[in-house]
Amino acid sequence: VVVTSLLTSRSLAFVLKERRLYSSSRITFTEALSMVDYKRVKYDETPSDKLIGTHSGSFQADEAMGVWMLRQVPVYRNSKVVRSRDLKVLDPLDIVIDVGGVYDHAKLRYDHHQRGYDERFDEGREGSEGRCTKLSASGLVYRHYGKEIIKSYYPSLSDEHLEIAYKKIYNSLLECLDAIDTGVEMCPDGIEPIYRDSTGLSSRVGRLNPRWNEVDADGKPPSYDGRFEQASAMCGEDFMSMMTKVIESDIPARDIVEQAILSRKEIDPSGEIIKFPNGGLPWKSYVYEMEKEHSLDPLIKFVLYTDQAGMWRVQAVTVEGKAFENRLSLPQEWRGVRDQDLEGVTKIPGSRFVHAAGFIGGNDMFEGALEMARQALKRQ
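Rules of the game
Residues numbered from 1 in each chain as written. Predicted model: local features only at pLDDT ≥ 70, side-chain atom pairs only at ≥ 80, totals over all residues. Heavy atoms only, no water. Helix = DSSP H or I, 4+ residues; strand = E, 2+ residues; numbered from the N terminus. Buried < 20%, exposed > 50% of the residue type's maximum accessible area, 1.4 Å probe, protein only. Contact = heavy atoms within 4.5 Å. Areas by Shrake-Rupley, 256 points an atom, 1.4 Å probe, with all protein chains shown as cover. Core = buried A, V, L, I, M, F, W, Y, C linked by side-chain atoms within 4.5 Å. Pairing = 2+ DSSP bridges. Axes fitted to C-alpha atoms, helices over the stretch in contact; angles between N-to-C directions. Parallel < 35°, antiparallel > 145°, perpendicular 65-115°, else oblique. Nonpolar A, V, L, I, M, F, W, Y, C, P; charged D, E, K, R; others polar. Salt bridge = Lys/Arg side-chain N within 4 Å of Asp/Glu carboxyl O. Phe/Tyr/Trp six-rings, centres within 6.5 Å; stacked < 30°, edge-to-face > 60°. Lys NZ or Arg CZ within 6 Å of the ring centre and 35° of its normal.

### What to know about the overall build of the chain
Across its full length, the chain carries 12 helices and 10 strands. Burial statistics for the chain: of 380 residues in total, 47% are counted as buried. In the chain, once contacts between residues fewer than 6 apart in sequence are set aside, the share between residues at least 24 apart is 64%. About 19900 Å² of surface is accessible on the chain, with carbon and sulfur atoms providing 51% of the total.

Written out as structure tokens, the structure reads:
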């Protein structure tokens, strides 16, 4: 079988290597192989004759990202950018962002600086008081063109997965740019951060602005327009990296987690243990998401999967929102014990280790890891 895809080699290896494990799950090998459908296509590099406008002078990540995103839309593919604050220059342009004092999608004008402006991406996460930030220029561009951009790279993406990717990319990348550009502090009033992060995209873009005393070899100051193009390309690299991770890794992992939860009682009648056919996939946030979506009661306590050496791991699920507090840990008397000593304590063949904190253990066999989880459930 020859498969052409931009999936990572690890993702494809997972699909092929774990074929035998799907026989005991609701995921068939054919269904698993369909993950190869998450492949990125190349687009036509021919430049559009449309003109994109934004402001001149110092630049920030929001308009640099906004311009890059517009250039991924077919009608504005690789369009020339005109940077000016003169309305006489901007008015004839096809589309203008982050300048002009107008937000009007029908007129293709996307500024966010005007009085009374209060556009937000959506109503926010469940249980929240709404989005913390208004949309900046990049947020407005993403609101109207984000799905088209994603589909231009991943045309086979289903509507359901497109919606997931659209929201996850905003939450993971663009909301931060909006918040920084519109002046939303990361910490609530009265709380001082113990350190400052200057490694993020907005900071890196800011450092591309010519310094007040910077000159080139000829003694001339650098071109703001040239540096803007560098900044926009940098934003594009971050967007592509995030989009690739979300679509080629996170969404396939989400599907596997959902299937594991739906088939959980095939693993153990308690419904509190789930099994993945392989380790390495990002699963924690999706366990919480699927528990809510499928109204699970009781909640998942342990996850079983194999590590790179083939050992079966039994890992406790943490309390949502906590990094170290487990819903249920492995028994106290097992913690920090290894190999034959652990077998003697657990009475479970193949037991290899339990971490001193009780959040993870290992067994040579699936049946042994499952029994370790079952014994922990009995002691809760």
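### Here's the deal with the nonpolar core
One finds M65, Y142, I150, L174 and F239 to be the most contacted residues of the largest nonpolar core, which totals 52 residues. Those elements that provide at least two residues to this core are helix 3 (61–70), strand 3 (95–97), helix 5 (137–153), helix 6 (159–181), helix 7 (201–206) and helix 8 (224–262). It is helix 8 that provides the largest number of residues to this core, a total of 11 residues. Once residues lying within four places of it in the same chain are set aside, the contact partners of Y142 are M69, F121, I150, A165, Y166, I169, Y170, L174 and F239. Counting 21 residues, the second-largest nonpolar core is a separate cluster that includes I267, W334, I348 and L370.

### Quick notes on the pairing of strand 9 (residues 351–354)
The pairing of strand 9 with strand 10 (residues 360–363) spans 3 bridges and is classified as antiparallel. Bridged to S351 within strand 10 is N363. In this antiparallel pair of consecutive strands, strand 9 and strand 10, the connection spans 5 residues, and G358 shows a positive phi of 75°.

### A word on the packing of helix 3 against helix 6
Two elements in contact, helix 3 and helix 6, have axes whose closest approach is 9 Å; the angle formed by their N-to-C orientations is 140°. Between helix 3 and helix 6, the interaxial angle falls into the category oblique. Touching A61, D62, M65 and M69 of helix 3 are L173, L174, L177 and D181, all from helix 6. Split into classes, the residues belonging to the contact of helix 3 with helix 6 amount to 6 nonpolar, no polar and 2 charged.

### Regarding the pattern of salt bridges
Counted by the stated rule, this structure contains 24 salt bridges. Residue K301 is joined to E272 by a salt bridge in which the shortest nitrogen-to-oxygen separation is 2.8 Å. Here the residue K301 occupies a position in the loop between helix 10 (284–293) and strand 7 (302–306), and E272 occupies one in the loop between helix 9 (264–267) and strand 6 (273–275), the gap between them amounting to 29 residues. Across this residue pair, the class does not change: K301 and E272 are buried. For R313, the salt bridge identified is with D307, shortest N-O distance 3.1 Å. Overall, the relative accessible area of 18% leaves D307 in the buried class.

### A few points about the sheet that holds strand 8 (residues 312–316)
Reading across the sheet, the 5 strands line up as 6-7-8-10-9 and stay open at both edges, with mixed pairing between neighbours. The open sheet terminates on both sides in strands that have one partner only, identified here as strand 6 and strand 9. Between one strand axis and the next, the sheet turns by 20° as a mean value, whatever way the strands run.

### Observations regarding the packing of aromatic side chains
Per the counting criterion, the structure on display carries 13 aromatic pairs. Relative to F239, the ring of W68 has its centre 5.2 Å away and its plane inclined at 45°; by these criteria the two rings are tilted. Note that W68 is positioned in helix 3 and F239 in helix 8, a separation of 171 residues in sequence. Judged by relative accessible area, F239 falls into the buried class, the value being 0%. Between Y110 and Y145 the ring centres are 6.0 Å apart and the planes differ by 75°, which places this aromatic pair in the edge-to-face class. Within this pair, whereas Y110 is found in strand 5 (residues 109–110), its partner Y145 is found in helix 5, the two being separated by 35 residues in sequence. For the pair Y110 and Y145, a shared accessibility class is recorded, and that class is buried. Taken together through their ring pairs, the aromatic side chains of W68, F121, Y142, Y166, Y170 and F239 make up a single cluster. Over the face of the ring belonging to Y166 we find K147, whose NZ or CZ atom lies 5.0 Å from the ring centre.

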